[in-house]
Amino acid sequence: MNHLLLVGNGFVGKVTVKLFRKNGWEVTAVSRCGESDEHADVSSKESMLDLKQRISAPTHIVHCASASGGGAEVYRQVYQEGCQNLVEVFPGVPILFTSSTSVYPQTDGLLVDENSPTELDRLTGQILLASEASILASGGVVARLAGVYGNGRSYLLRRFLSGEATMEEKGERILNHTHNEDAASAIFHLLNNCHARGQIYNVCDSQPKSQSDTYHELSKMFGRSVPASAPRNLNSKRGWSHKAVSNAKIVNSGWQPTYPSFTEVAEDICLTL
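Before going into details, it helps to say that this report is about the structure given with it. (Residues numbered from 1 in each chain as written. Predicted model: local features only at pLDDT ≥ 70, side-chain atom pairs only at ≥ 80, totals over all residues. Heavy atoms only, no water.)

## Some points on the pairing of strand 7 (residues 141–145)
Looking along a regular strand, one sees the side chains alternate between the two faces of the sheet. In terms of burial, strand 7 is a largely internal element, five of the five residues being buried. Alignment of strand 5 (residues 95–100) against strand 7, held across five bridges, turns out to be parallel. Along strand 7, the bridge assignment pairs T98 with A143. Here strand 7 runs beside strand 12 (residues 200–203); their pairing, made up of four bridges, is parallel. Within strand 12, the residue paired with V142 across the bridge is I200. (Buried < 20%, exposed > 50% of the residue type's maximum accessible area, 1.4 Å probe, protein only. Helix = DSSP H or I, 4+ residues; strand = E, 2+ residues; numbered from the N terminus. Pairing = 2+ DSSP bridges.)

Here it is in structure tokens:
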């Protein structure tokens, strides 16, 4: 039987565990605390070595742990050191790392794919790229997720409904989203595809939309005012960018998002917030 070791039993991790178990996999879900099968710290090699002694040998690994809003040092511990620890402690086991489309720094509003430049000034972005490199060098897979939302969580929708949202200038910036269930199905697809090894895939929906179009659709949907205009936020931890992320590579490999557009399911998400 295939055995998945999943590190990071959070918003994406929980639905991923559910999907793999539904498809007959043995799954060991791991986190530092909270509800999990095992508790361990991916940033500690000693903790990973101890975990290895406690569980049956995994056939596949997913690293989808979160930095939980931390800065560069937390990024380094969870992502860079965490990926390297998994590579060293479980040699030869295919690893999938959930990275972020924030590694694309483009601000021209054009389409970006996996071959687009990722020349970043931000240290957090550089750490993500270094983490990706260690996974790819081991023959693993990198899934770059766009802004993740789903039942119970949507930063954009929550701020819109509370009246806290603002439109950045004219609202031309393009927004890219990934439903957490689509993230899980992409992870399942990629780990079952031997041709994905050593590759990077963008995982996002098929209809990136401008901030203006998104807010106007939400305003019509919920009978609320369109948010007022404000200066763009250049102090975001992941940097300010303006690009449409292409999912063509993973779609061409046989995957399709169940949720092709954020606004199509916003009413359902609202009921869970």
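Let us keep going from here.
## Some details on the sheet that holds strand 12
Spatial strand order, 3-2-1-4-5-7-12: seven strands in an open sheet with parallel pairing. Only two strands of the sheet have a single neighbouring strand rather than two, namely strand 3 (38–39) and strand 12. Sheet analysis places strand 1 (residues 3–7) next to strand 4 (residues 60–63), joined by four bridges and oriented parallel. By the bridge assignment, L4 is partnered in strand 4 with H60. On the sheet, helix 4 (residues 123–137) packs against strand 5, strand 7 and strand 12 and is oriented at approximately 160° with respect to strand 5. (Contact = heavy atoms within 4.5 Å. Axes fitted to C-alpha atoms, helices over the stretch in contact; angles between N-to-C directions.)

## Brief notes about the environment of S43
By the element assignment, S43 lies in the loop between strand 3 and helix 2 (45–54). The buried category is assigned to S43, whose relative accessible area is 18%. It is 30 Å that separates the C-alpha atoms of S43 and L156, two residues lying 113 residues apart in sequence. For S43, the residues in contact, after removing those within four places along its chain, are Q77, V78, E81, G82 and N85. Side chain to side chain, S43 and D41 meet in a polar contact 2.7 Å long. (Polar contact = N/O pair within 3.5 Å; in protein donor to acceptor, adjacent residues only side chain to side chain.)

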